[in-house]
Structures are given as structure tokens and as C-alpha cells.
Amino acid sequence: TSMSHAVTSAEVLRGAGYFTAMTGKWHLKQQPTDFGFDRYFGHLSGACNFFKGDSTFRLNGQSWKVPDSDFYTTVADVDFALDFLGEARQSSKPFYLYVAFNAPHAPLVAPEEYTKRFLRLGYDQGTAGRYGMIENIDDNFGHMMELLEEWKMLEDTLVIFMTDNGATHLGGQLGGESVRHFNANLRGGKNSPNEGGTHVPAFW
């Protein structure tokens, strides 16, 4: 089935009366707002510059210029998500929010406050960026969960946390020595048909 004829979860839920939004990586030429999302912020490319964005960033179908300072893609995605949740909180409609973080995709970069402790431990720059990205996701996802609880929206909201493939960037340096990063002792990684490339977390 071509993408132009596929039916998305957002289209099904909007048809059932849901208020829908997406933020993050779409990686398709078409606009998410053409596929059932009432709101969208993010980028249409496979990867992006986490601090400067790129020409594929969109806000509700329109080109969006990344601000000159204090921008990091993961944080911007969560800011948009929280704005939407605040709007959904005031609506009588049920809501559907899809957050697709680009992190921890290459390039492996994170704000300095998230990388410096790994660099001090002796990890290489790429590994420090990778681990910093993951901790940044943890903090931002945790912030969303805290606000959902504070706003008393968790009681009747299903939250699903998943990834799209197994671990990547599995090699690095620690103290100048080559190390293999943890992948739950599974064989293979991203782009592999083995379990290390296809096994993903799923928290409901």
C-alpha cells in the first residue's frame, strides 16, 4: 500500500473524535497534518542538527525557523507536546499525542550538562553524546509524566513508550580502550535482522 493510501492511527482516532498531535521525526515527504494530525511540530528528514535544526522543520505544515539560541530538538519536542497537552486539558475531546524523538540518533550530541560527566569518566565524545542524549530523553519524558500526574490526566490516559529499532553505535572508547556498549546481551544492533536489531522496549 502506498503512503498516500495508508490509514494512520491519527486518522482513525480523529475520526472517532480525538484531538490529535505529533511532534518530532516524521521522515516522510508528506506533512503529518495530511495524515490525521491536527497539530504538528518537528522535522521531515531522517536526521537533523540537534542544535540548529534544518530546512525540513515544520510547524503545522509551515516552514519553521529554528531560534538562534537555547534550542535542542528533544527539548523543543517536549515543549510543543506540553503546549498541546495544556490545550487538550481544556478540551472536552479525548486526545492522541505521538512524540517521536530523533534522539539518540546520530549525530551524537547533547547539551553540555548532559555530556560532561561522561567525558570526565573517560568516555569518548560520541559515547558521551549518546549517553547524554538518553539521559536527556529520560528527564524530558519524566517531566511530561510529572505534569500529566499533576494535571490529573494520567488516570484515564494510556502512555506507551517504545523505540523503533535495537541499539546502535555499540562501540566506543573508555580511557582510551575500546569498549562494547550494553545491548542486553543480544546479538546484532540497528540494521541487523537479529534480535539485537529488532528487540525494543515497550512500556505501557
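Asks: Before we go on, may I ask you to explain the packing of aromatic side chains in this structure?
Replies: We describe a pair of aromatic rings using the distance from one ring centre to the other and the angle between the two ring planes. Evaluated as defined, the whole model comprises 19 aromatic pairs. Taking 6.2 Å as the distance between ring centres and 85° as the angle between the ring planes, the aromatic pair formed by W26 and F37 counts as edge-to-face. Taken together, the residues span a long stretch of sequence, with W26 in the loop between strand 1 (19-25) and strand 2 (39-43) and F37 in the loop between strand 1 and strand 2 at a distance of 11 residues. Note on W26: relative accessible area 12%, which makes it buried. The class for F37 is buried, based on a relative accessible area of 4%.

Asks: I would appreciate a short explanation of a nonpolar patch on the surface in the present structure.
Replies: Together, L158, I160, M162 and W204 make up an exposed nonpolar region whose accessible area comes to about 490 Å². With respect to the helices, strands and loops of the structure, M162 is situated in strand 6 (residues 161-162). You can call M162 partly exposed: its relative accessible area is 47%.

Asks: Where do I start with unusual backbone geometry in this structure?
Replies: Most peptide bonds take the trans form, and the phi angle of most residues other than glycine is negative. Cis peptide bonds are those with omega within 30 degrees of zero, and the linkage from A103 to P104 qualifies with 5°. Considering the arrangement of structural elements, one finds P104 in the loop between strand 5 (95-100) and helix 3 (112-120). One non-glycine residue, A184, adopts positive backbone phi at about 60°.

Asks: Sorry if this is basic, but what is going on with the sheet that holds strand 3 (residues 57-59) here?
Replies: Strands belonging to one sheet form pairs held by backbone hydrogen bonds; the direction of such a pair is parallel or antiparallel. Taken in spatial order, the five strands make up an open sheet running 4-3-2-1-5, and their pairing is mixed. One side of each edge strand has no neighbouring strand; the edge strands of this open sheet are strand 4 (62-63) and strand 5. Where strand 3 and strand 4 come together, two bridges link them in antiparallel fashion. The partner of L59 across the bridge, within strand 4, is Q62. Where helix 2 (residues 73-89) meets the sheet, its contacts fall on strand 1, strand 2, strand 3 and strand 5, and the angle it forms with strand 1 comes to roughly 175°.

Asks: I keep staring at the side chain of N140 and nothing clicks. Help me out?
Replies: Summarising the element assignment, N140 is placed in helix 4 (residues 125-150). Taking the relative accessible area as the measure of exposure, N140 reaches 11% and is therefore buried. Apart from the residues within four sequence positions on either side, N140 is in contact with T74, V75 and V78.

Asks: Teacher, can you tell me more about the pairing of strand 2 here?
Replies: For a regular strand, side chains alternate in direction, first toward one face of the sheet and then toward the other. By the criterion of burial, strand 2 is predominantly enclosed, with four of the five residues buried. Judged from the three bridges that link them, strand 2 and strand 3 form a sheet pairing that is antiparallel. Opposite H43, over in strand 3, you have F57 as the bridge partner.

Asks: Can you help me understand the nonpolar core in this one?
Replies: For soluble globular proteins, the rule of thumb is that nonpolar side chains tend to be buried together. Residues F57, L82, F84, L85, M133 and M144 are the most contacted members of the largest nonpolar core, which totals 30 residues. At the level of secondary structure, the elements contributing two or more residues to this core comprise strand 1, helix 2 and helix 4. When residues in this core are grouped by element, the largest group, eight residues, is from helix 2. Excluding residues within four positions of it along the chain, F84 makes contact with F19, T20, A21, R39, F95, Y96 and L97. Core analysis: the next-biggest nonpolar cluster, separate from the first, contains eight residues, M22, W26, F35 and L44 among them.

Definitions and cut-offs
- Residues numbered from 1 in each chain as written.
- Predicted model: local features only at pLDDT ≥ 70, side-chain atom pairs only at ≥ 80, totals over all residues.
- Heavy atoms only, no water.
- Phe/Tyr/Trp six-rings, centres within 6.5 Å; stacked < 30°, edge-to-face > 60°.
- Helix = DSSP H or I, 4+ residues; strand = E, 2+ residues; numbered from the N terminus.
- Buried < 20%, exposed > 50% of the residue type's maximum accessible area, 1.4 Å probe, protein only.
- Patch = residues over 30% accessible without salt bridge, like charges linked within 9 Å, V, L, I, M, F, W, Y side chains within 5 Å.
- Areas by Shrake-Rupley, 256 points an atom, 1.4 Å probe, with all protein chains shown as cover.
- Salt bridge = Lys/Arg side-chain N within 4 Å of Asp/Glu carboxyl O.
- Pairing = 2+ DSSP bridges.
- Contact = heavy atoms within 4.5 Å.
- Axes fitted to C-alpha atoms, helices over the stretch in contact; angles between N-to-C directions.
- Core = buried A, V, L, I, M, F, W, Y, C linked by side-chain atoms within 4.5 Å.

Purely geometric stuff here, so don't read any function into it on its own.
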